[in-house]
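Listed here are the chains, written in short residue letters.
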2 protein chains.
Amino acid sequence: MATRNTPRNTLSEQALLLDNQLCFALYSASLAMTKLYKPLLDELGLTYPQYLALLVLWEQDGVAVSELGERLYLDSGTLTPLLKRMETAGLVTRLRDATDERRVLIRLTADGRALKTRALRIPGCVLEASQCDVAEALALTHQVQTLRNRLTT
Amino acid sequence: MATRNTPRNTLSEQALLLDNQLCFALYSASLAMTKLYKPLLDELGLTYPQYLALLVLWEQDGVAVSELGERLYLDSGTLTPLLKRMETAGLVTRLRDATDERRVLIRLTADGRALKTRALRIPGCVLEASQCDVAEALALTHQVQTLRNRLTT
DNA sequence: GTCAATTCAATTGCACACAATTTAATTGAC
DNA sequence: GTCAATTAAATTGTGTGCAATTGAATTGAC
């Protein structure tokens, strides 16, 4: 029996189906995650990318915009206005590095540091909504990180 | 020996580390994917979300904006201007449904249909850059889809 | 049949993302 | 030491995403 070979059934056609696309799975899951965080972050007066910036700063205060960008895979076109809004909100300061005037160092204010306490409960809420245990979530995290690392090198 | 219990080492502190966050893994992997597609889609004159819309339309032509939104998890605030740009580019038409004037049906033009042929090579390019075989990619796709489905219900 | 509730797309306003360019500061080959 | 090359942040312009609102069309309880 001859295999059908209409355009509808070629391998490359199968690969173009939306639900076979890894890129769309990641895209839609990431947007869904952002929506899940929305009400939790609204309480803190933060957007999702601003929260990511704070995660970095809570680990290491006083980083340059470029270092923040390397950590978050974002460029100055995204970070500069974002950090200005966070400065206006009183969460960070932006000061030129005295030893290298090209660099702008981002530092947490007391308010910015204090937000960490209120953020501590967020990961638990997210894990619950994800309906998976810690080990499962970490395993998936590592797989997705590995993929990202392959794509960014 | 007593375990240390400084703030730096609590479980909730660990959970706030950027590299332990599933949300950031998905976010950064999704952005990396978009950048990988950029040069491939530039050749076709498409943006990444426009490409996603075409994936839907190549599977099923003549869908309403709301149906496209359900499929892509996007709302009319995103899709209306995106589809207008695709209409301007001559890829789709936007016409009110005669049987329900609230609905706007999106149909491919000949140009929009023709783009599919040129898009067929894209999934292979992406898979190569991802450095994983088809089975591996599909397995990860299903895991991420499962997570997304949990988050969107 | 009527009208309140619902549905659908469009609009408005805000916040990303990012390519491309600009400006200022630093580095390094000579 | 000088200046071309590099680096860092900011700026500009385009295209998403999405909350909230608007306006038009449809539905459904009565």
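One can find the structure itself at the top, above this paragraph.
Being a predicted model, the structure only gives us computed values, none of them experimental. The residue count restarts for each chain, going from 1 along the sequence in the order it is written. Chains carry letters and ligands carry numbers; both start at the beginning, A for chains and 1 for ligands, and go up in the order they are written. A pLDDT threshold of at least 70 governs which residues receive local features in this predicted model, and a stricter bar of 80 or more applies before side-chain atom pairs are shown or counted, although totals over entire chains, interfaces and linings include all residues. Values shown for side chains rest on all heavy atoms present in the structure; no hydrogens or waters enter the calculation.

Asks: How should I be thinking about the packing of aromatic side chains in this particular structure?
Replies: The description of two aromatic rings rests on the distance between their centres and on the angle between their planes. Residue and element names in this part refer to chain A. Only the six-membered ring of Trp is used, alongside the rings of Phe and Tyr, when aromatic pairs are assigned; centres must lie within 6.5 Å, and planes under 30 degrees apart are stacked while those over 60 apart are edge-to-face, with the rest tilted. Under the defined criterion, the tally for this structure stands at 10 aromatic pairs over all chains. Considering the side-chain rings of Tyr-37 and Tyr-48, the 5.3 Å spacing of their centres and the 55 degrees angle between planes classify their relative orientation as tilted. Taken together, the residues span a long stretch of sequence, with Tyr-37 in helix H2 (residues 22-42) and Tyr-48 in helix H3 (residues 48-59) at a distance of 11 residues. Assessed through its relative accessible area of 5%, Tyr-48 is described here as buried. We count a stretch as a helix when DSSP gives it H or I for four or more residues in a row; a strand needs E for two or more, and each element gets its number in order from the N terminus. Burial classification: accessible surface area is computed with a 1.4 Å probe over protein chains only, and a residue below 20% of its type maximum counts as buried, one above 50% as exposed, and the rest as partly exposed.

Asks: So what exactly am I meant to see when it comes to the sheet that holds strand S1 (residues 63-64) of chain B here?
Replies: Hydrogen bonds between backbone atoms are what pair the strands of a sheet, whose relative direction is either parallel or antiparallel. Residues and elements named next belong to chain B. Overall, antiparallel pairing links the 3 strands, which are arranged S1-S3-S2 in an open sheet. The open sheet has two edge strands, S1 and strand S2 (92-97), and neither has a second partner. Whether two strands pair depends on DSSP finding at least two bridges between them. The pairing of S2 with strand S3 (residues 100-108) spans 6 bridges and is antiparallel. Residue Arg-94 lies in a different strand from S3, and its bridge partner there is Ile-106.

Asks: Just checking my understanding: could you explain the protein's contact with DNA strand C for this structure?
Replies: Lining the immediate surroundings of DNA strand C are 29 residues, of which A:Thr47, B:Tyr27, B:Ser66, B:Lys84 and B:Arg94 lie closest. Protein-adjacent atoms of DNA strand C, using a 4 Å cutoff, are sugar or phosphate at a proportion of 77%. Within the side chain of A:Gln50, an N or O atom sits 2.9 Å from a phosphate oxygen of DNA strand C. Take B:Ser76: an N or O atom from its side chain is 2.8 Å from a base nitrogen of DNA strand C. Consider each residue's heavy atoms; a residue with any of them within 4 Å of a molecule or strand counts as near. Definition of a polar contact: a pair of N or O atoms within 3.5 Å, with one able to donate and the other able to accept a hydrogen when the atoms are protein atoms, and with sequence-neighbouring residues admitted only if both atoms are side-chain atoms.

Asks: Would you explain the relation of the copies chain B and chain A in this entry?
Replies: For the pair of chain copies, the relating transformation is a rotation about an axis with a translation along it. Each copy superposes on the other: chain B lies on chain A with an RMSD of 0.0 Å after a rotation of 180 degrees and an axial shift of 0.0 Å. Here the transformation between the copies is reduced to the relation of a two-fold axis. Considering only C-alpha atoms, the part of chain B nearest the rotation axis is B:Leu26, at 3.0 Å. Superposing the copies works by least squares over the C-alpha atoms of residues that have pLDDT at least 70 in both of them.

Asks: Honestly, the interface of chain B and chain A in this entry has me stumped. Any pointers?
Replies: In many reports, interface size means the accessible area that the parts give up when they come together. On the side of chain A, 57 residues touch chain B, which itself brings 57 residues to the contact. For any pair of parts, buried area is found by adding up, for both, the accessible area (1.4 Å probe) each one loses once the two are put together. When the two sides are added together, the surface that chain B and chain A hide from each other amounts to roughly 5600 Å², 67% of it contributed by carbon and sulfur. Of all residues in chain B, the largest losses of buried area upon contact with chain A belong to B:Leu16, B:Tyr27 and B:Arg150, amounting jointly to 12% of the total for that side. When a carboxyl oxygen of Asp or Glu is within 4 Å of a side-chain nitrogen of Lys or Arg, the pair counts as a salt bridge. Applying the counting rule to chain B against chain A returns 6 salt bridges. A:Lys116 is the partner of B:Glu13 in a salt bridge, and the nearest nitrogen-oxygen pair spans 3.0 Å. At the junction of chain B and chain A, the tally comes to 19 residue pairs in polar contact (both at pLDDT 80 or more). Those elements giving two or more residues to the side of chain B that touches chain A turn out to be helix H1 (11-15), helix H2 (22-42), helix H3 (48-59), helix H4 (65-72), helix H6 (110-119), helix H7 (122-130) and helix H8 (134-152) of chain B. Think of it as three bins: nonpolar holds Ala, Val, Leu, Ile, Met, Phe, Trp, Tyr, Cys and Pro, charged holds Asp, Glu, Lys and Arg, and polar takes everything else, Gly as well. Split by residue class, the side of chain B that touches chain A holds 37 nonpolar, 11 polar and 9 charged. Any two residues whose heavy atoms approach within 4.5 Å are treated as being in contact.

Asks: I keep staring at the nonpolar core and nothing clicks. Help me out?
Replies: In globular proteins that are soluble, nonpolar side chains generally tend to be buried together. Throughout this description, the term nonpolar core refers to a set of buried Ala, Val, Leu, Ile, Met, Phe, Trp, Tyr and Cys residues connected via side-chain atoms within 4.5 Å. Counting 95 residues, the largest nonpolar core has A:Met33, A:Tyr51, A:Leu72, B:Tyr51 and B:Leu72 as its most contacted members. A total of 13 residues in this core trace back to one element, the largest contributor, which is H2(A). Setting aside anything within four residues of it in sequence, one finds B:Tyr51 in contact with A:Leu16, A:Gln21, B:Tyr37, B:Leu41, B:Leu46, B:Trp58, B:Ala119 and B:Ile122.

Asks: Would you take a moment to explain the protein's contact with DNA strand D for this structure?
Replies: Around DNA strand D, 29 residues are found, and the nearest of them are A:Tyr27, A:Ser66, A:Lys84, A:Arg94 and B:Thr47. A share of 79% of the atoms of DNA strand D within 4 Å of the protein falls on sugar and phosphate groups. Here A:Ser66 contributes a backbone N or O atom positioned 2.7 Å from a phosphate oxygen of DNA strand D. With respect to DNA strand D, the side chain of A:Lys84 contributes an N or O atom lying 2.7 Å from a phosphate oxygen. The set of elements that each furnish at least two residues to the surface near DNA strand D consists of H2, helix H4 (65-72), helix H5 (76-88), strand S2 (92-97) and strand S3 (100-108) of chain A together with H3, helix H5 (76-88) and S3 of chain B. Grouping the constituent residues of the surface near DNA strand D by class yields 9 nonpolar, 8 polar and 12 charged.

Nothing here speaks to function; it is geometry throughout.
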